[in-house]
Amino acid sequence: MGTRIGYAVGAFDLFHVGHLNLLRHAKQHCDVLVAGVVSDEMLRQVKGIEPVIPTAERAEIVRHISFVDDVYVETTPSKMDSWRDVQFTHFFKGDDWRGTEKGLRLEREFAEVGVEVVYFPYTAHTSSSSLRRALDAITAGATAVGAPALASR
């Protein structure tokens, strides 16, 4: 068997233990781990969210995690474009994607080019969405009592 090249993609905005768990588990299942960092533009276009941390800084953070061998910044919504550029053999995702329309589509597309999709347990108690809600609540509370709001980008 050849070199197992793994690809784990995420926004990695507001980096938290769920992100770390995904990358750690991914590295345990491949020889080389490439972390895909979704660009600011793609986060706005595909998810409709404004990132807190800019792409270059998110990529720099992820690049310095000991089990990440390389970083690839995604600038298109197509995971097949990422595959053509990176040539990974294994695609890693949280199991919250398992059985979803997007997950099943990825499985079909990747099966055509010999990529195995591997799901890992989703860290339910921590997510970027919950962190965003907490930050919004903190900001709203601070503003309500007359304190200056957190600076926004």
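The structure we're discussing is the one just above.
Residues numbered from 1 in each chain as written. Predicted model: local features only at pLDDT ≥ 70, side-chain atom pairs only at ≥ 80, totals over all residues. Heavy atoms only, no water.

Peer 1: Any details on the environment of Ala26? Residues and values, ideally.
Peer 2: By the secondary structure assignment, Ala26 is in helix α1 (residues 17-27). Under the relative-accessibility criterion, Ala26 is labelled buried at 0%. For the pair Ala26 and Val118, spaced 92 residues apart in the sequence, the C-alpha separation amounts to 8.6 Å. (Helix = DSSP H or I, 4+ residues; strand = E, 2+ residues; numbered from the N terminus. Buried < 20%, exposed > 50% of the residue type's maximum accessible area, 1.4 Å probe, protein only.)

Peer 1: Account for the pairing of strand β1 (residues 5-10), with residues named and values stated.
Peer 2: The element β1 is largely enclosed, with a buried count of 5 among its 6 residues. The pairing of β1 with strand β2 (residues 32-38) spans 6 bridges and is classified as parallel. Looking across to β2, one finds that Tyr7 is bridged to Val34. On the question of chirality, the crossover connecting β1 to the parallel β2 by way of α1 is right-handed. Taken together, the 3 bridges between β1 and strand β4 (residues 90-94) define a ladder with parallel strand orientation. Considered in β4, the bridge of Gly6 is made with His90. (Pairing = 2+ DSSP bridges. Right-handed = clockwise from strand over helix to strand, strands pointing away.)

Peer 1: So what about a positive patch on the surface? Which residues, and what values?
Peer 2: On the surface, Lys47, Lys102, Arg105 and Arg108 cluster together into a positively charged patch. Here the positive patch takes 3 residues from helix α5 (residues 101-111), the largest share from any one element. With respect to the helices and strands, the residue Arg108 is situated in helix α5. (Patch = residues over 30% accessible without salt bridge, like charges linked within 9 Å, V, L, I, M, F, W, Y side chains within 5 Å. Areas by Shrake-Rupley, 256 points an atom, 1.4 Å probe, with all protein chains shown as cover. Salt bridge = Lys/Arg side-chain N within 4 Å of Asp/Glu carboxyl O. Lys, Arg positive; Asp, Glu negative; His and termini not counted. Charge placed at Lys NZ, Arg CZ, Asp CG, Glu CD.)

Peer 1: Would you mind going over the sheet that holds strand β3 (residues 70-74) in detail, with residue names and values included?
Peer 2: Overall, parallel pairing links the 5 strands, which are arranged β3-β2-β1-β4-β5 in an open sheet. Each edge of the open sheet is held by one strand with a lone partner, namely β3 and β5 (116-120). Strand-to-strand twist across the sheet, computed as the mean angle between neighbouring axes with direction ignored, equals 30°. Of the strands in this sheet, β1, β2, β3 and β4 are in contact with helix α4 (residues 79-86), which crosses β3 at around 140°. Together, β4 and β5 form the strand contacts of α5, whose direction differs from that of β5 by roughly 145°. (Axes fitted to C-alpha atoms, helices over the stretch in contact; angles between N-to-C directions. Contact = heavy atoms within 4.5 Å.)

As far as function goes, none of this settles anything; it's purely spatial.
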